[in-house]
Amino acid sequence: MAALGVAVLLLLGLGLGLGRAAPPVVLWHGMGDSCCNPRSMGYIRGLLQRRLPGTYVLSLRLGASALQDVENSFFMNANDQVREVCGQLAADPHLKGGYNAIGFSQGGQFLRAVAQRCPSPPMLNLISVGGQHQGVFGFPRCPGESSHICDWIRKTLDLGAYTQAVQEHLVQAEYWHDPLREEDYRKSSIFLADINQERGINETYKKNLMALKRFVMVKFLNDTMVDPPISEWFGFYKSGQAKETIPLRETPLYTEDRLGLQEMDKAGKLLFLGVEGEHLQFSEQWFCDTILPFLQ
């Protein structure tokens, strides 16, 4: 009878452990958002905890408060943000065995920088939801209450996106990619040009990114906030003009395989997903049906 009781407990433990077996999940929010907004990251964190019982979920915060976190999404140097996040992840004992990462909007390219620069603890799968991996060349529209800030950002970028002062203090300038000024971009971009290997090949970046099991890129098919939207699938404008876009597989980054994306693609590690809707507008059902399977 005692043996039967132990067997039942083991079976129950296995059943309950299905949720706990999922690796930890790290979230990084987008521009103008915070770690814990109940309508965005707070909601996603709660959803993951409900659907993956027992799974540790970390929603990254940069700063001492949610307000400072929002401010830092505009004004804290992206390289400093990545460095601080790498420190947070390395110090978190829950993550030492590896974790899955979901980046929303600019959080997508920031988490890719983490994967390339900070391989310990190991990132298992990277899911970029609307991330702009070839950067942006415009801010047609801004989220919620941040519109007045974005008006100022547009003016600042127009005046001098690649000046040292703007590059060091305006996050969006650090992934500003002007196809009409490619040389200035390659020379002066302190963040995106570095992680996209525009000034030379960092073999460590390439090796670390290729260590991912999957790199999932989600593009919003009706996006009017990201310019160009194809950047969400790592495509961009053809160099020298700002009308015709080309997909990732036609870019020098891919054909020269500077980041290992071509090799990852051939191995089935790159996934390009599309979802109807505006930037970061998706249903809970879509998220559960599409994203959760990559986390289990």
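Heads up: the structure comes first, above all this text.
From a predicted model like this one, the values you see are computed outputs, not experimental measurements.

K.L.:
I'd like a rundown of the overall build of the chain, residues and numbers included.
P.N.:
The helix and strand inventory of the chain stands at 13 helices and 8 strands. Buried residues in the chain amount to 53% of all 296 residues. For the chain, long-range pairs separated by at least 24 residues make up 70% of all intrachain contacts whose partners lie at least 6 apart in sequence.

K.L.:
Lay out the packing of helix H2 (residues 41-51) against helix H13 (residues 284-291) in plain terms, naming residues and giving numbers.
P.N.:
Here H2 crosses H13 at 55°, and the two axes come no closer than 12 Å. When the axes of H2 and H13 are compared, the pair comes out oblique. Both H2 and H13 take part in a crossing whose hand is right-handed. In this structure, H2 uses Tyr 43, Ile 44, Leu 47, Leu 48, Arg 50 and Arg 51 to contact H13, whose residues at the interface are Glu 284, Phe 287 and Cys 288. For the contact of H2 with H13, the class distribution of residues is 6 nonpolar, no polar and 3 charged.

K.L.:
So what about the nonpolar core? Which residues, and what values?
P.N.:
Ranked by size, the top nonpolar core spans 57 residues in total, and within it Trp 28, Leu 89, Val 114, Met 123, Phe 215 and Leu 261 carry the most contacts. Not counting residues within four places of it along the chain, the set of residues in contact with Leu 89 comprises Val 26, Leu 58, Leu 60, Leu 95, Tyr 99, Val 114 and Pro 121.

K.L.:
Describe the layout of surface pockets, listing the residues and the values that go with them.
P.N.:
Unoccupied space between atoms shows up once a probe the size of one water molecule is rolled over them. When its volume is computed, the second largest pocket comes out at roughly 220 Å³. Contributing to the lining of the second largest pocket are 14 residues, with His 177, Glu 182, Glu 198, Ser 239 and Pro 252 lying nearest its centre. Those elements that provide at least two residues to the lining of the second largest pocket are helix H8 (182-188), strand S6 (236-237) and helix H11 (252-255).

K.L.:
Talk me through the side chain of Glu 198; I want residue IDs and the actual numbers.
P.N.:
Looking at where Glu 198 falls in the secondary structure, it is placed in the loop between helix H9 (192-195) and helix H10 (203-210). Looking at Glu 198, its side chain comes within polar contact range of the side chain of Arg 258, at 3.3 Å. Beyond its immediate chain neighbours, meaning those up to four positions away, Glu 198 contacts Gln 134, Tyr 185, Arg 186, Ala 193 and Arg 258.

K.L.:
Explain the state of the cysteines residue by residue, including any values.
P.N.:
A covalent bond between the sulfur atoms of two cysteines is referred to as a disulfide. Inspection of the entire model under this criterion finds 2 disulfides. Sulfur-sulfur distance for the disulfide between Cys 35 and Cys 36 comes to 2.4 Å. Judged by the sign of its S-S torsion, about -90°, the cystine formed by Cys 35 and Cys 36 is left-handed. A relative accessible area of 3% places Cys 35 in the buried class. Paired through a disulfide, Cys 86 and Cys 118 show a sulfur-sulfur distance of 2.0 Å. Judged by the torsion about the S-S bond (95°), the Cys 86/Cys 118 disulfide is right-handed. Placement of the pair is Cys 86 in helix H4 (residues 78-91) and Cys 118 in the loop between helix H5 (106-117) and strand S4 (123-129), with a sequence separation of 32 residues. Judged by relative accessible area, Cys 86 falls into the buried class, the value being 10%.

K.L.:
Now, about the environment of Arg 181: what can you tell me, with residues and values included?
P.N.:
Residue placement: Arg 181 occurs in the loop between helix H7 (164-169) and H8. Assessed through its relative accessible area of 36%, Arg 181 is described here as partly exposed. Spatially, the C-alpha atoms of Arg 181 and Tyr 162 are 9.8 Å apart, while their sequence positions differ by 19 residues.

K.L.:
Report on the environment of Ile 190, specifying residues and quantitative values.
P.N.:
Its place among the elements puts Ile 190 in the loop between H8 and H9. The exposure class assigned to Ile 190 is partly exposed, which follows from its relative accessible area of 26%. Taking the C-alpha atoms as reference points, Ile 190 and Gln 167, 23 residues apart in sequence, are found 6.6 Å from one another. Among residues more than four places away in sequence, those in contact with Ile 190 are Asn 77, Asn 79, Gln 167, Glu 168, Glu 174 and Arg 199.

K.L.:
Quick rundown of the sheet that holds S4? Include the residues and the values.
P.N.:
Strand order in the open sheet formed by 6 strands is S2-S1-S3-S4-S5-S8, and the pairing between neighbours is parallel. The sheet terminates laterally at strand S2 (57-59) and strand S8 (270-275), the two strands that pair on one side only. Strand-to-strand, the axes of this sheet are offset by a mean angle of 15°, without reference to chain direction. Pairing between strand S1 (residues 25-28) and S2: 3 bridges, direction parallel. Bridging from a neighbouring strand, Val 25 pairs with Val 57 of S2. Here H4 sits on the sheet in contact with S1, S2 and strand S3 (99-104), set at roughly 160° to S1. H13 contacts S3, S4, strand S5 (214-220) and S8 of the sheet and is inclined by roughly 140° relative to S3.

Cut-off values and rules
- Residues numbered from 1 in each chain as written.
- Predicted model: local features only at pLDDT ≥ 70, side-chain atom pairs only at ≥ 80, totals over all residues.
- Heavy atoms only, no water.
- Helix = DSSP H or I, 4+ residues; strand = E, 2+ residues; numbered from the N terminus.
- Buried < 20%, exposed > 50% of the residue type's maximum accessible area, 1.4 Å probe, protein only.
- Contact = heavy atoms within 4.5 Å.
- Axes fitted to C-alpha atoms, helices over the stretch in contact; angles between N-to-C directions.
- Parallel < 35°, antiparallel > 145°, perpendicular 65-115°, else oblique.
- Left-handed = near helix turned anticlockwise from the far one by under 90°.
- Nonpolar A, V, L, I, M, F, W, Y, C, P; charged D, E, K, R; others polar.
- Core = buried A, V, L, I, M, F, W, Y, C linked by side-chain atoms within 4.5 Å.
- 1 Å grid on protein atoms, 1.4 Å probe; cavity = no way out; pocket = protein on both sides within 12 Å on 5 of 7 lines; lining within 4 Å.
- Points joined across faces, edges and corners; volume = space filled by probe spheres on them.
- Polar contact = N/O pair within 3.5 Å; in protein donor to acceptor, adjacent residues only side chain to side chain.
- Disulfide = S-S within 2.5 Å.
- Pairing = 2+ DSSP bridges.

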